[in-house]
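Reading the structure
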Amino acid sequence: MNLSKYTTVEEFILLGLTSQKNIQIVLFPVFLSLYIVSLTGNIIIIILSRISSQLHTPMYFFLSNLSFLDIWYTSSIVPNMLINFLSVRRNISFNGCVTQMFIHLSLGGTECYLLLSMAYDRYVAICSPLHYTTIMHPILCIKMATGSWAGGIINSVVHTVLALQLPFCGPNVINHFFCEIPSVLELACVDTSLNKTVIFFFAMLVVMGPFFLILITYGYIISSILKISTSVGRRKAFSTCASHIIVVSLFYGAIIFMYMRPGSTHVEGQDKMATLFYSVITPMLNPL
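Note that the structure is a prediction, hence the values are computed from the model and not measured.

Here is what the cut-offs are and how they apply
Residues numbered from 1 in each chain as written. Predicted model: local features only at pLDDT ≥ 70, side-chain atom pairs only at ≥ 80, totals over all residues. Heavy atoms only, no water. Salt bridge = Lys/Arg side-chain N within 4 Å of Asp/Glu carboxyl O. Buried < 20%, exposed > 50% of the residue type's maximum accessible area, 1.4 Å probe, protein only. Helix = DSSP H or I, 4+ residues; strand = E, 2+ residues; numbered from the N terminus. Phe/Tyr/Trp six-rings, centres within 6.5 Å; stacked < 30°, edge-to-face > 60°. 1 Å grid on protein atoms, 1.4 Å probe; cavity = no way out; pocket = protein on both sides within 12 Å on 5 of 7 lines; lining within 4 Å. Points joined across faces, edges and corners; volume = space filled by probe spheres on them. Nonpolar A, V, L, I, M, F, W, Y, C, P; charged D, E, K, R; others polar. Axes fitted to C-alpha atoms, helices over the stretch in contact; angles between N-to-C directions. Left-handed = near helix turned anticlockwise from the far one by under 90°.

Looking now at the pattern of salt bridges. Going through the model one piece at a time under the given rule, you end up with two salt bridges. As a salt-bridge pair, D121 and R122 come within 2.9 Å of each other at their nearest N and O atoms. With relative accessibility at 1%, the residue D121 sits in the buried group. The residue E186 makes a salt bridge to K196 at a minimum N-O spacing of 3.6 Å. Within this pair, whereas E186 is found in the loop between α7 (181-185) and α8 (193-226), its partner K196 is found in helix α8, the two being separated by 10 residues in sequence. We classify K196 as partly exposed; its relative accessible area is 41%.

Here is the structure:
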């Protein structure tokens, strides 16, 4: 039984990254390699964080959460994309599409909040190093991680429930490589202005809210680093934040490009590339 009582569409067809078979054959080993590297790197982070007592710190606690998230993030998209590279008919059931959309939205929102938690951890480590162990208590870390996952799930539930209220009576061709919500909404048989307004509002809350807080946090961090008297000390302090800054820039840059633009400015090819960055490339780079 379909999840939506209004729809007559039982499955969707995913057009993928390209319709050219020769390019699909080339892309298959490329994305298979990216997927393997992503899984390997994130699994190693989790294992090392568990077995090494020296890594039982708040920073690696959040990194383990991020790695666990990224494993599922890429696994919700890439395996199906790899199958479609080799398939003639690239279909996905309606229920499967909704499930993929729900998982992707949940994990995407959770990552926004996790990156904010990691920024706060770096803020305390650099701006209040003497109070670091007192402030970043394990209970606080667990609460921050739990709040991040809850925020991501709530974000996804709202969008998914609203999408299920829409009738999908055809066409059923999604010009994307997975069921991302903007592409799915384009196939609804009614006006989706409400859904798009909610997407924009939650993008401000889930994406831009944490992003601005991260910027403010790094403003304080940079100010504290500049007050360090020695160049070696400044370099060491900055090096602990550099990788996080890069991940934040890649992830939020692609997310903002995708979700914070007016609908009329969306270009399908650009949207697919932006989605690749925050859904496939960034999870691979995070453990590096």
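Here we take up the packing of aromatic side chains. Evaluation of the coordinates by the stated rule reveals 13 aromatic pairs. Relative to Y220, the ring of Y123 has its centre 6.1 Å away and its plane inclined at 70°; by these criteria the two rings are edge-to-face. With Y123 in helix α4 (residues 94-127) and Y220 in helix α8, the pair connects residues that are 97 residues apart, well separated along the chain. By relative accessible area, which is 26% here, Y123 ends up partly exposed. Among the aromatic residues, those joined into a cluster by ring pairs are F12, F94 and F168.

Reported here for the second largest pocket is a volume of approximately 380 Å³. Lining the second largest pocket are 21 residues, with L63, M118, S243, H244 and N286 sitting closest to its centre. Elements with a minimum of two residues in the lining of the second largest pocket: α1 (21-51), α2 (58-75), α4 and α9 (231-259). A class-by-class count of the residues in the lining of the second largest pocket yields 13 nonpolar, six polar and two charged.

Let us look at the packing of α4 against helix α6 (residues 138-164). The contact between α4 and α6 brings their axes to 7 Å, and the two run at 145°. Every pair of crossing elements has a handedness; the one defined by α4 and α6 is right-handed. For the contact of α4 with α6, a count of residues per class yields 15 nonpolar, 11 polar and no charged.

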